[in-house]
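# Working through the structure, step by step
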Amino acid sequence: MIVVLGKNGQLAKEFQKIYKEKAIYLSSLDLDLTRLDKIIPALNKLCPNIIVNFTAYNNVDLAEENFNNILLNSLAIKEIANYSSSKDIPLIHISTDYVFDGSKESYTEDDTPNPINKYGQAKLDGENYIQNICKKYFIIRTSWLYSRFGENFLTKVVAMCENKSNLMGAYDLIGSPTSAKSLAHAIKYVIECNKAGNRDFGIFHFSNEGSISKYTFLRKIVSLLHEDINTEGIYIKKVKNSDFNLAAQRPYNTTLVSKKFSENFNYRIPFWEDELKLIIGEI
Ligand SMILES: NC(=O)c1ccc[n+]([C@@H]2O[C@H](COP(=O)([O-])OP(=O)(O)OC[C@H]3O[C@@H](n4cnc5c(N)ncnc54)[C@H](OP(=O)(O)O)[C@@H]3O)[C@@H](O)[C@H]2O)c1
């Protein structure tokens, strides 16, 4: 039986659709992870044999000031890691490309993290707790996660197109858009491999193949939406990320190399554009 932390997030929703084995999904109402003292007792009651953590404090700008960033992205992870280590059960945890500073062309699992904002730092601290405390863990770093659920880059662009708003896309942010659906499938596969005896624990990168700017991603979304929404007349402005005046700095290029994942699990990772077409087709 697996316990999935994070019931209503976009990744959790995609996972619930495809994972048909017995699982308990906990929302923040079932277990508020900011209440650190409640975490181990709650897990003790459920007695899982795998924990999958899809929760996060994901607001990168508010994370500069809000202590919940540290509570959810690092201190709660320490508690979960302590539980998983004490029961000797695997922990699957999702981390982020934002642990890197973005100064390289691409990043493998061997590259040294150097976060440039508080969200990236807290997520890295969470990773470090897991690595120091647990023996059986999969930390999967991903990037630019989107889906048709909740608030993400894709759903925001869809809403703006429906409202006929003009759009701005940063040409100086480079990375790999990753559909939450493709990541959910990959996580399901990791669970199956683990059950079948694959014991290659560690850190893995998982992003959809290819690397583009946010501006290119935006243009592609709008062009694919064209069939369902009248996007005629919507102007897409090419801007610098600094034009958005955001509170948190963003790393320039966080392209993740996912070769270790595809080789270790013998898994074909989809190309970003194919995934985007698929997800937009489902909207
Ligand atoms: N979004 C991205 O672009 C991106 C990029 C790289 C990596 N990631 C990582 O990918 C993972 C999944 O992200 P996502 O986009 O699916 O996240 P999301 O849609 O923002 O969902 C966040 C989840 O965290 C849960 N949560 C928030 N506060 C909580 C609290 N106090 N106690 C317990 N749970 C709480 C929410 O609970 P409820 O179930 O109650 O709503 C929700 O399920 C995260 O680890 C994130 O850091 C995301």
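The rules behind each value
Residues numbered from 1 in each chain as written. Predicted model: local features only at pLDDT ≥ 70, side-chain atom pairs only at ≥ 80, totals over all residues. Near = placed C-beta within 6 Å. Helix = DSSP H or I, 4+ residues; strand = E, 2+ residues; numbered from the N terminus. Nonpolar A, V, L, I, M, F, W, Y, C, P; charged D, E, K, R; others polar. Pairing = 2+ DSSP bridges. Axes fitted to C-alpha atoms, helices over the stretch in contact; angles between N-to-C directions. Contact = placed C-beta atoms within 7 Å. Parallel < 35°, antiparallel > 145°, perpendicular 65-115°, else oblique. Left-handed = near helix turned anticlockwise from the far one by under 90°. Core = buried A, V, L, I, M, F, W, Y, C linked by C-beta atoms within 7 Å. Buried ≥ 20, exposed ≤ 12 C-beta atoms within 10 Å, placed from the backbone.

## Let's talk about the site of the ligand
For the ligand, the set of nearby residues contains 27 residues, the closest of which are Gly6, Asn8, Gly9, Ser28 and Ala56. Sort the elements by how many residues they give to the shell around the ligand and helix α1 (residues 10-18) lands first, with three residues. For the shell around the ligand, the class distribution of residues is eleven nonpolar, 14 polar and two charged.

## Let's talk about the sheet that holds strand β5 (residues 137-142)
Spatial strand order, β2-β1-β3-β4-β5-β10: six strands in an open sheet with parallel pairing. Across the chains shown, the open sheet's two edge strands, defined by having one partner strand only, are β2 (23-26) and β10 (202-205). Each neighbouring strand pair of the sheet contributes to a mean axis angle of 20°, computed without reference to strand direction. As paired strands, strand β4 (residues 91-96) and β5 are joined by six bridges and run parallel to one another. Among the inter-strand pairings, His93 is bridged to a residue of β5, identified as Ile139. Against the sheet, helix α6 (residues 180-195) engages β1 (2-5), β3 (50-53), β4 and β5, with an angle of about 165° to β5.

## Examining the packing of helix α5 (residues 153-162) against helix α7 (residues 214-225)
Viewed as axis vectors pointing N to C, α5 and α7 meet at an angle of 55°, and their least axial separation amounts to 10 Å. Comparing their axes, α7 and α5 come out oblique. Handedness of the crossing formed by α5 with α7: right-handed. Contacts between α5 and α7 involve Leu154, Val157, Val158 and Cys161 from the former and Leu218, Ile221, Val222 and Leu225 from the latter. Tallied by class, residues from the contact of α5 with α7 come to eight nonpolar, no polar and no charged.

## A few points about the nonpolar core
In this structure, Leu11, Ile80, Leu91, Ile130, Leu183 and Ile187 are the most contacted members of the largest nonpolar core, which totals 67 residues. Contacts of Leu183, omitting those with residues within four sequence positions, involve Leu11, Thr142, Leu145, Thr178 and Phe206.

## Remarks on the packing of helix α3 (residues 68-87) against helix α4 (residues 118-133)
It is the contact of α3 with α4, at a shortest axis distance of 8 Å, that shows an interaxial angle of 10°. The pairing of α3 with α4 is recorded here as roughly parallel in orientation. Taking contact as the criterion, the partners of Asn69, Ile70, Asn73, Ser74, Ile77, Lys78, Ala81, Asn82 and Ser85 in α3 are, on α4, Lys118, Tyr119, Ala122, Lys123, Asp125, Gly126, Tyr129, Ile130 and Ile133.

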